[in-house]
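Structural characterization, general
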Amino acid sequence: MIYVDADACPVRAEVERVGTRHNLKMFVVSNGGLRPSPNPLVENVIVPDGPDIADMWIADRAGKGDVVITGDIPLAARCIENGAQVLRHNGDAFTPGNIGQQLAMRDLMTDLRAADPFRQGGGGKPFSKADRSRFLNALERAVRSAVAQG
């Protein structure tokens, strides 16, 4: 199965295309406001508003043989712990080998922002066609690997 942390996810259409090609059930999880897909393989899951409710829904279900799409580092850590493969929206993989460093960097940046409330955040770089292409390739590899595991 594929789980998508869908709030602010720029690659839902790509996930649906790859998931459909592999005949995989997909869960698009959000707080609402997304147009549901007519694809019978896609289940639009709307969770109540609240901090990390969508993340908890995904983390409670994703495991070995599943793929999770998220930019949320703590969610990625929980899913990796459960045996799932996890990708960022740009195709970068969260892995058992890099998730500790990712969590540490996230915590460091949170502390720096808290220490200097006037610090200007960069906001990140814009999502590019190269990011979309890299994501499609990474998702295809992750799905094939997950299917082989599952």
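Before reading further, recall that the structure is shown in the block above.
Residues numbered from 1 in each chain as written. Predicted model: local features only at pLDDT ≥ 70, side-chain atom pairs only at ≥ 80, totals over all residues. Heavy atoms only, no water.

Let's talk about the sheet that holds strand β6 (residues 93–94)
- Within the open sheet, the six strands sit side by side as β3-β2-β1-β4-β5-β6. Their pairing is mixed. Each end of this open sheet is capped by a strand with a single partner; those strands are β3 (42–46) and β6.
- Relative to strand β2 (residues 26–30), strand β1 (residues 2–5) runs parallel, the two being bridged by four bridges. Paired with D5 across the two strands is V29, which belongs to β2. (Pairing = 2+ DSSP bridges. Helix = DSSP H or I, 4+ residues; strand = E, 2+ residues; numbered from the N terminus.)

With respect to the nonpolar core
- With 22 residues, the main nonpolar core has I2, V15, V67, I69 and L139 as its most contacted residues.
- For this core, the secondary-structure elements that each account for two or more residues are β1, α1 (12–21), β2, β4 (67–69) and α5 (129–149).
- Here this core takes six residues from α5, the largest share from any one element.
- Membership of the second largest hydrophobic core comes to 21 residues, among which are Y3, F27, V68 and V86. (Core = buried A, V, L, I, M, F, W, Y, C linked by side-chain atoms within 4.5 Å. Buried < 20%, exposed > 50% of the residue type's maximum accessible area, 1.4 Å probe, protein only.)

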